[in-house]
Amino acid sequence: MNMNMTLVGQMITFLVFVFITMKYIWPHFITILEERREKIAAGLAATEQAKKDLEIAQHRAKQIIDAAKVEAAEAIEAAGNRATRMVEEAQTKARDEGKRLVELAQADIQQQIQAAKEGLRQQMAALVIAGSEKILGNQIDQAANNDLLDKLIGEI
């Protein structure tokens, strides 16, 4: 019988223990577990949102990189076109400058030819007069000499 009383005492003690645990301790455990569950759920939701944000960011980065590649290609093409235009302009300017220099040289040559012809005419006239003086044996006066030179230069 002693055993029955012990068993009943243990049962009563166990029931009191369960009652006190259910009344005072269990709600705290439930609250802690509920908070823990909410934190885990929030963490999982944040992870999902972070994954979505990462995908969006990767997509934007790809778009920006693609746009930058297109822009770089356009800039390179524009630079190439500009370089080609600059080379063509330089060639055109060089040709024009060459033509101008050739024309200047030709004009200078023509002037030198004219000056040489004029000098030769004057020397020829002087030689003709000197030869004429020797043939005639006397010197013609200076005014007549100048008139004769002018006529000879005009004829030559």
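Notes on the structure in this doc start here. (Residues numbered from 1 in each chain as written. Predicted model: local features only at pLDDT ≥ 70, side-chain atom pairs only at ≥ 80, totals over all residues. Heavy atoms only, no water.)

Right, let's talk about the overall build of the protein for a bit. Check the secondary structure of the protein and you find two helices and zero strands. Accessible surface computed for the protein: about 13700 Å², of which carbon and sulfur atoms make up 64%. (Helix = DSSP H or I, 4+ residues; strand = E, 2+ residues; numbered from the N terminus. Areas by Shrake-Rupley, 256 points an atom, 1.4 Å probe, with all protein chains shown as cover.)

Another aspect to go through is the pattern of salt bridges. Following the criterion strictly, the structure yields three salt bridges and no others. Across the pair Glu-34 and Arg-37 runs a salt bridge whose closest N-O atoms are separated by 2.2 Å. Of this pair, Glu-34 and Arg-37 both sit in helix H1 (residues 2-136), three residues apart, roughly one helical turn. Where Lys-62 meets Asp-66, a salt bridge forms, and the shortest distance between an N and an O atom there is 3.6 Å. With Lys-62 and Asp-66 both in helix H1, this residue pair falls four residues apart, about one helical turn. (Salt bridge = Lys/Arg side-chain N within 4 Å of Asp/Glu carboxyl O.)

Further remarks concern the side chain of Thr-21. Tracing the backbone through its elements, the reader meets Thr-21 in helix H1. Of the residues examined, Thr-21 reaches a relative accessible area of 17% and is grouped as buried. Within the structure, the side chain of Thr-21 is placed 2.6 Å from the backbone oxygen of Phe-17, a separation counted as a polar contact. In this structure, Thr-21 is in contact with Trp-26 and Pro-27, ignoring residues within four places of it in sequence. (Buried < 20%, exposed > 50% of the residue type's maximum accessible area, 1.4 Å probe, protein only. Polar contact = N/O pair within 3.5 Å; in protein donor to acceptor, adjacent residues only side chain to side chain. Contact = heavy atoms within 4.5 Å.)

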